[in-house]
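Remarks on the overall topology
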Amino acid sequence: MPAYKDEIQATVEEGIEIRNGWGPKQILGNGSVTGIELKQCVSVFDANGKFKPTYDENKIISVDAPQVIVAIGQMIDGELTKHIGIDMERGCFKVNPATLETSVEGIFAGGDNASGPGSVIEAVAAGKRAAESISRYLNNEDMLANRFEYSLKPLQEELLPSTKRVAKKNRASADDLPVDKRINNFNEIEISFLRGRGN
Ligand SMILES: Cc1cc2nc3c(=O)[nH]c(=O)nc-3n(C[C@H](O)[C@H](O)[C@H](O)COP(=O)(O)OP(=O)(O)OC[C@H]3O[C@@H](n4cnc5c(N)ncnc54)[C@H](O)[C@@H]3O)c2cc1C
């Protein structure tokens with residue numbers, strides 16, 4: 001399961017049962033939700049290491065549930081952009097990675113809809129990159145000249161000597177609120193490093 005070890009541990013501490021290797025087949029119910037049917041996952045990645053789960057459709061279990069929360073696995077509704085004719089790749093908008101321009105001139109895409117599931121900071125960075133591209137596009141400027149991906153390398157080289165001098169340390173972990181104080185509320189669970197040390 002692609003999750004951090006401490007997040008898995010915190011989940012188990014809260015009494016949540018983790019069932020690895022099952023994918024959703026269908027949500028069960030009759031007017032309202034009563035459960036979910038799951039099919040067994042037999043492989044997670046394709047030959048190129050891309051996330052592409054396959055399932056054994058004959059190995060099915062169902063789990064009773066008064067509520068089902070869909071947390072991951074969202075996809076683009078291709079119908080929405082079909083009439084514009086933007087090329088898709090693995091269910092996402094296909095973009096030029098440097099400019100984030102789609103196959104349709106003047107249309108740009110970034111974030112999860114272009115990269116697949118990513119992180120907030122990647123989506124923010126994509127927004128910035130797309131904004132730069134849109135500005136250049138509207139002002140008829142060179143779309144590629146002096147983009148930050150070309151300036152990243154010298155910066156890395158400049159930083160390298162100092163990073164080599166720094167001794168490696170284990171990653172620090174912040175404390176969590178005790179289990180009984182973090183269930184059924186919206187309290188911040190991760191106590192900061194400073195507060196965790198009693199400051
Ligand atoms: C359960 C979960 C936990 C995560 N935890 C983390 C984490 O801890 N740290 C982290 O960095 N990232 C995390 N992520 C990933 C992060 O949330 C995404 O990478 C990020 O939100 C992507 O940003 P985005 O702007 O590309 O897309 P989104 O945040 O999905 O924004 C797309 C927006 O477009 C709207 N929209 C869709 N269709 C239309 C339409 N037709 N018209 C108008 N609006 C529309 C949607 O409602 C949505 O508001 C998590 C994701 C999930 C699902």
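Whatever comes next refers back to the structure up there.
Bear in mind that the values here come from a model prediction, so they are computed numbers and not experimental data. In every chain, residue numbers begin from 1 and rise along the written sequence. Totals for whole chains, interfaces and linings use all residues, but because this is a predicted model, local features are given only for residues with pLDDT of at least 70 and pairs of side-chain atoms are given and counted only at 80 or more. No hydrogens and no water enter the side-chain calculation; it runs on all heavy atoms of the structure.

**Some points on helix H4 (residues 120–138)**
- Strands are runs of DSSP state E lasting at least two residues, helices are runs of H or I lasting at least four, and both sets are numbered from the N terminus onward. Expected helix span is computed as 1.5 Å times (number of residues minus one). Between its first and last C-alpha atoms H4 spans 27 Å; for 19 residues at 1.5 Å apiece the expected length is 27 Å, and the two agree.
- Exposed residues in this analysis have more than 50% of their type's maximum accessible area, buried residues have under 20%, and partly exposed residues fall in between, with area computed by a 1.4 Å probe over protein chains only. Where H4 is concerned, the buried positions are Ala 126, Arg 129, Ala 130, Ser 133 and Arg 136. Viewed along the axis of H4, the buried residues span an arc of 120°, placing them on a single side of the element. Within H4, the exposed residues directed more than 90 degrees away from the buried face are Val 120, Ile 121, Val 124, Lys 128 and Leu 138.
- Immediately downstream of H4, the backbone of Asn 140 shows phi near 60°, a positive value. Arc, as used here, means the arc of the directions from the helix axis to the C-beta atoms.

**As for the layout of surface pockets**
- The definitions used throughout rest on a 1 Å grid laid over the protein atoms alone, on which a cavity is an enclosed set of points accommodating a 1.4 Å probe that cannot get out and a pocket is an open set flanked by protein within 12 Å on both sides along at least five of seven lines; lining residues are those having an atom within 4 Å of a point. Grid points are joined across faces, edges and corners, and a volume is the space filled by probe spheres set on the points. Considered as a void within the structure, the second largest pocket measures approximately 650 Å³ in volume.
- If you tally residues by element for the lining of the second largest pocket, the top one is helix H1 (residues 5–13), at seven residues.

**A word on the pattern of salt bridges**
- A carboxyl oxygen of Asp or Glu within 4 Å of a side-chain nitrogen of Lys or Arg is what we treat as a salt bridge. Under the definition given, this model contains seven salt bridges.
- Close ionic contact of Glu 14 with Arg 182 constitutes a salt bridge, the shortest N to O distance being 2.4 Å. With Glu 14 in the loop between H1 and strand E1 (22–29) and Arg 182 in helix H6 (residues 179–182), this pair connects stretches of sequence that are 168 residues apart.
- Close ionic contact of Glu 57 with Lys 25 constitutes a salt bridge, the shortest N to O distance being 3.5 Å.

**Quick look at the site of the ligand**
- In the vicinity of the ligand, the contacting residues are Ala 71, Ile 72, Leu 80, Gly 111, Asp 112, Gly 118, Ser 119, Val 120 and Ala 123.
- Pairing of N or O atoms within 3.5 Å defines a polar contact, subject to two protein rules: one partner must be a possible hydrogen donor and the other a possible acceptor, and residues neighboring in sequence count only if both atoms are side-chain atoms. In the environment of the ligand, an oxygen atom lies 2.8 Å from a nitrogen or oxygen atom belonging to the backbone of Val 120.
- Exposure was quantified through the Shrake-Rupley algorithm and a 1.4 Å probe, taking into account, for residues, occlusion by the shown protein chains and nothing else. Coverage of the ligand by the protein chains reaches 30% of its 1000 Å² of free accessible surface.
- Residues are grouped as follows: Ala, Val, Leu, Ile, Met, Phe, Trp, Tyr, Cys and Pro are nonpolar; Asp, Glu, Lys and Arg are charged; every other residue, Gly included, is polar. Of the residues in the shell around the ligand, the class split is five nonpolar, three polar and one charged. We call a residue near a molecule or strand as soon as one heavy atom of that residue lies within 4 Å of the molecule or strand.

**Regarding a negative patch on the surface**
- On the surface, a cluster of negative charge is contributed by Asp 6, Glu 7, Glu 188 and Glu 190.
- Take Glu 188: it is sitting in the loop between H6 and helix H7 (193–196). Residues enter patches when their relative accessible area tops 30% and they take part in no salt bridge; the joining distance is 9 Å for like charges and 5 Å for the nonpolar side chains Val, Leu, Ile, Met, Phe, Trp and Tyr. The convention is simple: Lys and Arg are positive, Asp and Glu are negative, and His and the chain ends are not counted. Every charge is mapped to an atom, namely NZ of Lys, CZ of Arg, CG of Asp or CD of Glu.

**A closer look at the pairing of strand E2 (residues 33–45)**
- Where E1 lies against E2, seven bridges are found, and the strand directions are antiparallel. Bridge assignment links Pro 24 to a residue of E2, and that residue is Leu 38.
- Remark: three residues form the turn of the hairpin made by E1 and E2, two consecutive strands paired antiparallel; Gly 31 in that turn has positive phi of roughly 95°.
- Pairs of strands are assigned from DSSP output, requiring at least two bridges between the strands. Where E2 and strand E3 (residues 51–64) come together, nine bridges link them in antiparallel fashion. Bridging from a neighbouring strand, Ser 43 pairs with Thr 54 of E3.
- Hairpin remark: E2 followed by E3, antiparallel, with five residues in the connecting loop; positive phi at Gly 49, about 80°.

**Observations concerning the nonpolar core**
- For this analysis, a nonpolar core means a set of buried residues of the types Ala, Val, Leu, Ile, Met, Phe, Trp, Tyr and Cys, connected via side-chain atoms within 4.5 Å. Among the nonpolar cores identified, the biggest contains five residues, and these are Leu 100, Phe 108, Ala 126, Ala 130 and Met 143.
- Other than its neighbours up to four places away in sequence, Phe 108 contacts Thr 99, Leu 100, Glu 101, Thr 102, Ala 130, Ser 133, Ile 134, Tyr 137 and Met 143. Should any heavy atoms of two residues lie within 4.5 Å, those residues are considered in contact.

**Some words on the side chain of Lys 39**
- Topologically, Lys 39 is positioned in strand E2.
- Looking at Lys 39, its side chain comes within polar contact range of the side chain of Glu 57, at 3.3 Å.
- Discounting residues that sit within four places of it in the chain, Lys 39 has contacts with Gly 21, Trp 22, Gly 23, Pro 24, Lys 25, Tyr 55, Asp 56, Glu 57, Lys 59 and Ile 60.

**Section: a nonpolar patch on the surface**
- There is a patch of nonpolar side chains on the surface, built from Met 1, Val 12, Ile 16 and Ile 18 and spanning about 350 Å² of accessible area.
- Checked against the element boundaries, Ile 16 lands in the loop between H1 and E1.

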